[in-house]
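Structural overview for review
In case you want the letters, here they are:
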Amino acid sequence: MIINGCTNPTSSSEDFVEELVFIACEGNFGASNGSIHIIKPDGELDFVEDVGDVLQSIEVYGDKLIALVNNSHEIKIYDIDEDGLKL
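Figured I'd write up the structure that's included with this text. (Residues numbered from 1 in each chain as written. Predicted model: local features only at pLDDT ≥ 70, side-chain atom pairs only at ≥ 80, totals over all residues. Heavy atoms only, no water.)

With respect to a nonpolar patch on the surface
- On the surface, Val21, Ile23, Ile39 and Leu45 cluster together into a nonpolar patch covering about 330 Å² of accessible area.
- Turning to its location among the elements, Val21 is positioned in strand 1 (residues 21-25).
- Overall, the relative accessible area of 43% leaves Val21 in the partly exposed class. (Patch = residues over 30% accessible without salt bridge, like charges linked within 9 Å, V, L, I, M, F, W, Y side chains within 5 Å. Areas by Shrake-Rupley, 256 points an atom, 1.4 Å probe, with all protein chains shown as cover. Salt bridge = Lys/Arg side-chain N within 4 Å of Asp/Glu carboxyl O. Helix = DSSP H or I, 4+ residues; strand = E, 2+ residues; numbered from the N terminus. Buried < 20%, exposed > 50% of the residue type's maximum accessible area, 1.4 Å probe, protein only.)

Focus on the pattern of salt bridges
- In the structure shown here, the tally under the stated rule is four salt bridges.
- Between Lys76 and Glu74 there is a salt bridge, and its shortest N-O distance comes to 3.6 Å.
- Between Lys86 and Asp83 there is a salt bridge, and its shortest N-O distance comes to 3.8 Å.
- Relative accessible area serves as the criterion here: at 39%, Lys86 is assigned to the partly exposed category.
- Taking relative accessible area as the criterion, Asp83 reaches 66% and is therefore assigned exposed.
- Among the charged side chains, a network of salt bridges with common partners joins Asp81, Asp83 and Lys86.

This is the structure in C-alpha cells:
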C-alpha cells in the first residue's frame, strides 16, 4: 500500500505577508525622507520613515521587502514579520 500526501509550501509568515499592502512614498529630492507605508488586514497603518533620498520602488519576495532608493544609491532589504519591517 502506498500513501502519498502533500502540504501547503507557504509558511505562516508568508500567509501574513500576503495580507499586507505596501506603499512606497518617494519623498523630496535631497531630503532623504522617502518612506514605506503598510496597511494591515485590520486597517491599521504602520510606516517606516527616512528610508532614503527618493525611494524609487519596492518589491515583496517571500518574507522580504526590497526597496530601491534612487538618489541614495542603495538597495535595502527588510524582513517582514508581525512586528513590522526590520532592516
